[in-house]
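# Fold and contact review
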Amino acid sequence: MAVMGEMATMNGKRILIAVAASALLSACVDHRPIRNGLDDEAVYLTKSSLTAPNPLVEGSTDEGWLFKVTTVKSSSPNVMGDVVFPGLEGELKYVKLRFQESGLQILDGRSIQRDDPEDPNDDLATQAERVLFEFAGKHVDIKLRESLDGERTNYLEENTEKPWRDRQNFKVDFENTSMEPASQLLWVYGLYANLCAVPLSSNLVPDSFEWDESAQSLGFTIDVTYQLNWLGWVCTDLLHLYERDAQTGNVQYHFALFRRGESDFVPQIIDEKDLVNKKYGAFQVANTFRDHDTGLVGNVNLLHRWNPNRPENDPVVFYFHEGFPEAFKPMWTEIRELTNAVMAEAGATLRFDFRDCLNQGKDEAIPDDCQRPTFGDPRYSFVVWHHSIDTTTGLLGYGPSISDPRTGEIISATTNLYNVGLDRYRFYIQDYLEQHGGLLKPEADKAWEETVCTEGATVAPGDPVRCALIAEGAKNECEASGGESCDAVRSQTETECKQSPRLNTQLFAEMRRVMDLEDGADGSADDFVPQPLRDGFRDDYHKVLGELRYSYPPWNRFVYRTDQVPFQMLQEMQQKEGEFQNAMQDVMAGKNPFGAQALYTREGIEAQLGFTQNMRDWRKNHAELQHLKDFLFSTKSIYTFDPNDAINAIAMGARRCVQRGSGFTWESDKEYSDRIIEAVVFHVAIHEFGHNLSLRHNFYGSVDGKHMREGEVSASIMDYVTAWEEAGSSRGYGQYDEWALKWIYGGDDVRAEAMQQDILYCTDEHRILSPLCRAHDLGITPAQITLNAIEQYDWLYNLRNRRAYRKFWDTSSYVGSVYGAMFDIQRMWHLGIFDWGGGGVQETLKRLDQVGGGTVLTDPEYDEIAVDFYNDISASIGMTMAFYDAVINQPASFRNYQTEYDPFYGDILRLGIIIDKLFSTVAYMDLQDIYYSPNVAAYVSMWDAPFGSQNLALSQRVLDNMLGANYDTFAWFKYYALAIFASTSNTNLVGSIETKERIAIERYENEMELREAYGDAAIDYATRVDNPQQTFVYDSELYVYTYLPDRNWHLVARASRSPVSYQYLREYNESLNAGADPDLDNYGLKILLAYYEYFNNFVGF
Amino acid sequence: MKRPAIALGLGLCLAGTAYAQGPDAEPETDAQAGLDLPVKTTLSSQFRMLAVVDEDPANDQLLLYGLRVRGEVFKGGTVFLGAGLRQLFVAEPDESGVDLQDTQVGFAWKTPVSFGADAKLSLTQEASVFLPTSRTSRVQDLYLAPQVRLGFAFEPVAGLTVAGGPRFRYRFHEFAERAGRSGGMNTQLDTGLSAGIDYAILDSKTYGRVGVGVGAGTNYVRKYDSRESYESDASDQGVWYQQYDWEAHVGYGYSVFDLGVSVEQGGNVLRDGVVNTFFVHRDETQLAFTLSASL
């Protein structure tokens, strides 16, 4: 037994060793790689991960997610480039996820009514969840294949044995969704975008699905194919697409869901009419709820801002998207320093930085293993340069930021910058400068960079240094040729150089003529813009501007009509706009919009009246549609860009003289265009970054001269200023921006100081109605702004009406461009007649002094102050009327009214200005349907309310010029002004009913009646041979008489009552009696008579 | 006393995983030694078929060839080597119908125990290791499979032997999972207990040896742990299977030769999640014909 015992001991040891060895080796066993029996093209979600409370916040019961859609790519050309383009993103939404039997539903995570368990009257028992959209799919368990005995394999497969609710995974089909992704960008966008294109199919972008459970982040990208909706709204350059046969296009949308950890951000509520709303524009997040106590819908506005208390050593980092141009990166260091300095002044610890990689520190070089975040991931902020020009239609920048809708804390933001073909503008610039005196290349056979120049010189029109150089050259040439008085030559040359660029075209010459200004003016704007009589005008003007902010009521969020909210009529409006554009294009092509009937017949008159009524409808629609588009873009913080402005920008930016070693030569073409482009991009970049910081637009920046620093053209980067201003102006935040940021991110003391500032502010909702709160304005006072707008119109003729540099020329934008030039400047007239006229300035200033605690002056003192206001606005209105006159009177030899085509090829060589003349006529002659402010709407004709005695005479001259029909135009158009005048002057909407008599003609069926009326002596005098004008005096009034033998009519017009008719008849008589023209007809007289009589008991003839 | 040992050995084959068990056999006794040589060699061949022949009998037939060499290193202690070859009558295209069985190398120590006058009892301890020479083991990436076996043989009266004992085998695989889409998990631990009774009807040098016997056994097989705990934290733990078998045999031996016929039935206790055992089954119960020679 002892042996047994020993053996047992030995066996036991062996067993133990064996077991130990087994255990050891057992731990070393590997698992065979998984064999995937799943559909690789499908995405399997773990349901519990998406419906469980947020694990990033300890003890959280919050099951919600934050959700965002971003447009990350599009094909090029982009068929929806006007509305959906790379970078465009939706708001951040708070959502919850719910799995239904056959779908993953994205639910609105917010409830209009809170579910208060303590309140029996406030539960949501009968309230269903609101589904935003859903993805189709199937519930499965994803597990290793298992035998019925419970043995598993390494083969992964779907399993559907359990009830669908108990299955742990959802095989989601992201491509099969109930919503158009574009609709998530903005709720109307789905409809808006689909006017342009119809979605055909969608696919999940391979490898785009990302799920990071530890970070609670899920993302994927859907690629949607659209078909251009040829029958619908044309959203982009059709010719461009046609050439490319681009009937389809693709847009990729990145969807992102994520959760956040703890935040110490403190939400701030802004009251609907908080004082700060009138002072500074910061984005706000609206939270709508049902107030249980009152039963009314309530609202809480939260300030949309970054956490000002974010630790200084943990800056908000914006990441350069891959491909961001190196040349534009340094400017972000500049922007960083500027921004962080403002934050420091505000007392905030919030800081910003710009980097390439996640694994890169501040100011560190880009690491070799640079890890970049995925564009569209809402946890990260980006700076993106969109290279493809044709994915948008003219965007320069776009600066969205997203915030937690429950708190307003900004989580991330993106500065999108678009390459809208900036490089090609150098060619435009050269072309433009060659035509406009700015580019006076000193030596034709020498490159600019090889040409010596003087320090500080530019080639800007009128540049003193350049003019001095030219004058010196003229003097030298004079001396070399043995001329005399070469100093005088020099002086004259210099004067001409300085004068030549501005305000001396034929258009301005005509304006000067009709305005009775001196001919051959010195090119100074002083001729048109009056100098203030008082030093305090600018300050008073500054005070008044704050009272001229009028919001557009349909955009108010709290009071509105539910039966016609904005966008509701979008499609109908677009159709009407299409009619307008087509009609105008026909006119441009030389077609008669009134048909073939004689204009003096009833049918002819009614055709003209019908067209006039259509014009009114079209104009109203065009304006509202434009407002709607502006609003869409403004809500998305999009910076639109008129490419014509770039030409101005660079022309005014002007080539500079730069130092090279010890000498100076001009900038080369590349240096010049690179500098301008960099400057434009910088200003766009800081503008968009301003949006990223929560700054809204401030269109008052350009009129706030009081707060502009030297070299600035606006007190705010959040203004839309023309690119010429941007390129040449100083870099950095304006005073408005600094104070606005201090208010947004500062503490109580800083905020109190900010509220004491008198910086001007107005924004998108004011832009439509407010006369001086406008985008792309240049100038501070109305007269300055008007003059610059007219000058810009004049400058752009060669590029607007000629094909110029364009290989392809889309002329469809012409109507809109001229429309803006003609009608937008009328807002100064509105300002004059509705606000500043009748003592409006005095009243406003007095009220401001009364409520502001200032010294209240006497009425005569206010009258004295108001003089400068009246002078300025009067000059502005006078310029506007003269401008219309000048456009009408432009001779065909200068700017042809008729569009010129190449007869063989059919391409347009030069667009005629018939539309310009038509719009000028309508603007001046017709009743304007003016919606001046929320409280003022009226029909007014400009000729009827010219504002002030000085303009009264001018308006009469313009009126007579237009009614006189003595200008180059189509035959059908010649008397259209008369038709409009006859129509409008016979309504009860004009101020003086006697005005209609300006075209009155007395018609007598036989001579006896005529003689009974005026007596034999007068008629005999009128018909004397030595009285070819056939004028006569009766009862101390001057008359004119004529006889139409084909109708046996005797016509009489009184000079004082009917000056237009008087002139028509007199000129007809002169021609008739001179016998100069054997074919002289009386067509004009019949028209005049018909138009008058149509509205005054016309019986036909 | 000699007795036909082949039948019992074959019977126990079914207790394990058959394809890995070919050379594995019951602890041998001196009685098996045919010749008095320092190194003993046993050659065997066995033809197996279903007891009930179906329409396609070739699928259910195979031949097993065995070689077992052992040598005594001290009194009662032997080292041994077992190898085998399996020949199928039907093979997949491009596949050989013949393949090696796992090779077993081990040491056995037999100790007789005095147990009364006529009764005999001997205990055997065996430690061996299976080497992955079979195609199946290679496919499943078996490293090796050490085995410990304890056995007893009790002969209460002459000619009647009761034998049995437990065994433990651990299988070291490279991967926990078997190769193949539906392979399942590899076996990690295989432990079993078997017992049998033999009776020598005739034991004559002139006429040879005739014996009959029955045997039965069961074993528990543990599979490796799965890689995932999908339903619960415990759901990745390896499963245990129970297997059973029985056999009855009759053998005849003469000189160094032995001839045996057995009927055998065995399989998993749990089939498709349901306990399902059969005493006989037309698709499972097999006949085995064995011829061996011990030199």
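Residues numbered from 1 in each chain as written. Chains lettered and ligands numbered in written order. Predicted model: local features only at pLDDT ≥ 70, side-chain atom pairs only at ≥ 80, totals over all residues. Heavy atoms only, no water.

To continue, consider the overall build of chain B. Summing up its helical and strand segments, chain B has two helices and 16 strands in all. By the burial criterion, 50% of the 295 residues in chain B qualify as buried. Split by element, the accessible area of chain B, about 13700 Å² in all, is 62% carbon and sulfur. (Helix = DSSP H or I, 4+ residues; strand = E, 2+ residues; numbered from the N terminus. Buried < 20%, exposed > 50% of the residue type's maximum accessible area, 1.4 Å probe, protein only. Areas by Shrake-Rupley, 256 points an atom, 1.4 Å probe, with all protein chains shown as cover.)

All names here are of chain B. Averaged over all residues, the pLDDT of chain B equals 85, while 87% of them reach at least 70. Within chain B, no element has a lower average pLDDT than helix α1 (residues 6–13), which sits at 37, and none a higher one than strand β8 (residues 160–170), at 96. Counting interchain partners and residues more than four positions distant, the pLDDT-below-50 stretch residues 1–34 has 102 contacts. (pLDDT = per-residue confidence, 0-100. Contact = heavy atoms within 4.5 Å.)

It is worth spelling out unusual backbone geometry at this point. All names here are of chain A. In this structure, Pro 77 follows Ser 76 across a cis peptide bond, with omega equal to 5°. When you line up the elements, Pro 77 lands in the loop between β3 (65–74) and β4 (93–100). Of note, Asp 207 is a non-glycine position whose phi angle comes to about 65°, a positive value. For Asp 207, a relative accessible area of 79% corresponds to the exposed category. You will see that Ser 1036, though not glycine, has its phi angle at about 65°, which is positive. With respect to the secondary-structure elements, Ser 1036 resides in the loop between β30 (1031–1034) and β31 (1037–1044).

So, on to the side chain of Thr 187 of chain B. Residue and element names in this part refer to chain B. Within the element layout of this structure, Thr 187 appears in strand β10 (residues 187–204). Within the local environment of Thr 187, its side chain forms a polar contact with the side chain of Lys 223, the two groups lying 3.4 Å apart. Not counting chain neighbours up to four residues away, the residues in contact with Thr 187 comprise Arg 171, His 173, Arg 178, Val 221, Arg 222, Lys 223 and Tyr 224. (Polar contact = N/O pair within 3.5 Å; in protein donor to acceptor, adjacent residues only side chain to side chain.)

Residue and element names in this part refer to chain A. Read from one edge of the open sheet, four strands run β29-β32-β31-β30, paired in antiparallel fashion. Pairing within the sheet leaves two strands with one partner each, and these edge strands are β29 (1002–1004) and β30. With direction set aside, neighbouring strand axes in the sheet form an average angle of 30°. Looking at chain direction, β31 and strand β32 (residues 1049–1054) are connected through six bridges and run antiparallel. Bridge pairing in β32 links Thr 1042 to Leu 1051. Contacts from helix α31 (residues 1059–1074) reach β30, β31 and β32, with the element oriented near 55° to β31. (Pairing = 2+ DSSP bridges. Axes fitted to C-alpha atoms, helices over the stretch in contact; angles between N-to-C directions.)

Residues and elements named next belong to chain A. Applying the stated criterion across every chain yields a total of 76 aromatic pairs over all chains. For the ring pair Tyr 819 and Phe 919, a centre distance of 5.7 Å and an interplane angle of 85° mean the geometry is edge-to-face. On the criterion of sequence distance, the pair formed by Tyr 819 in helix α22 (residues 814–823) and Phe 919 in helix α26 (residues 914–925) is long-range, its members being 100 residues apart. For Phe 919, a relative accessible area of 0% puts it in the buried group. Ring centres 5.1 Å apart and planes at 80° place the aromatic pair Tyr 1014 and Tyr 1034 in the edge-to-face group. Separated by 20 residues along the polypeptide, Tyr 1014 in helix α30 (residues 1007–1022) and Tyr 1034 in strand β30 bring together distant segments of the chain. Residue classification places Tyr 1014 among the buried positions, given a relative accessible area of 6%. (Phe/Tyr/Trp six-rings, centres within 6.5 Å; stacked < 30°, edge-to-face > 60°.)

What follows is about α26 of chain A. Residues and elements named next belong to chain A. Over its 12 residues, α26 runs 16 Å from end to end, which matches the ideal 16 Å to within 8%, given 1.5 Å per residue. In terms of residue burial, α26 counts as a mostly covered element, since 12 of its 12 residues are buried. Burial in α26 covers these residues: Ile 914, Ile 915, Asp 916, Lys 917, Leu 918, Phe 919, Ser 920, Thr 921, Val 922, Ala 923, Tyr 924 and Met 925. (Expected span 1.5 Å × (residues − 1).)

With that settled, consider the interface of chain A and chain B. The interface is formed by 32 residues belonging to chain A together with 38 residues belonging to chain B. Overall, the association of chain A and chain B removes approximately 3200 Å² of surface from exposure, summing both partners, and the carbon and sulfur fraction of that is 53%. Looking at the side of chain A facing chain B, the largest losses of area belong to Arg 32, Asp 149 and Arg 152 of chain A, adding up to 24% of the total buried there. If you look at where chain A meets chain B, you find three salt bridges. (Buried area = accessible area lost by both parts, 1.4 Å probe. Salt bridge = Lys/Arg side-chain N within 4 Å of Asp/Glu carboxyl O.)

Further remarks concern the pairing of β31 of chain A. Residue and element names in this part refer to chain A. The pairing of β30 with β31 spans four bridges and is classified as antiparallel. Residue pairing across strands places Val 1033 opposite Leu 1038, the latter belonging to β31. Counted between consecutive antiparallel strands, the loop separating β30 from β31 contains two residues, among which Asp 1035 sits at a positive phi close to 55°.

As a further point, take the packing of α22 of chain A against helix α25 (residues 859–888) of chain A. All names here are of chain A. One can describe the packing of α22 onto α25 by two numbers: an axis separation of 10 Å at closest approach and a directional angle of 135°. Between α22 and α25, the angle is such that the two are oblique. Contact residues: α22 offers Ala 821, Met 822 and Phe 823, while α25 offers Phe 883, Tyr 884 and Val 887. For the contact of α22 with α25, the per-class residue count stands at six nonpolar, no polar and no charged. (Parallel < 35°, antiparallel > 145°, perpendicular 65-115°, else oblique. Nonpolar A, V, L, I, M, F, W, Y, C, P; charged D, E, K, R; others polar.)

Take helix α10 (residues 506–514) of chain A next. Residue and element names in this part refer to chain A. Buried within α10 we find Leu 507, Phe 508, Glu 510, Met 511, Arg 512 and Val 514. On its buried face, α10 is in contact with α20 (782–795), α25 and α27 (949–964). Positive backbone phi, approximately 60°, marks Asp 516, located one or two places after α10.

All names here are of chain B. Tracing the backbone through its elements, the reader meets Val 113 in strand β5 (residues 103–114). Expressed as a C-alpha distance, the spacing of Val 113 and Phe 154, which sit 41 residues apart in the sequence, is 9.6 Å. Filtering out sequence-adjacent residues up to four positions away, Val 113 remains in contact with Leu 121, Ser 122 and Leu 123.

All names here are of chain A. This model, assessed by the stated rule, comprises four disulfides over all chains. At a sulfur-sulfur separation of 1.9 Å, the disulfide partner of Cys 357 is Cys 370. Given an S-S torsion of about -105°, the disulfide between Cys 357 and Cys 370 has left-handed geometry. Taken together, the residues span a long stretch of sequence, with Cys 357 in the loop between β17 (352–355) and β18 (381–386) and Cys 370 in the loop between β17 and β18 at a distance of 13 residues. Among the residues examined, Cys 357 registers a relative accessible area of 0% and is labelled buried. Overall, Cys 370 belongs to the partly exposed group, its relative accessible area being 23%. Paired through a disulfide, Cys 762 and Cys 773 show a sulfur-sulfur distance of 2.0 Å. Taking the torsion about the S-S bond as the criterion, the Cys 762 to Cys 773 disulfide, at about 105°, is right-handed. You can see Cys 762 sitting in the loop between α18 (748–755) and α19 (764–767) and its partner Cys 773 sitting in the loop between α19 and α20, a full 11 residues away along the chain. (Disulfide = S-S within 2.5 Å.)

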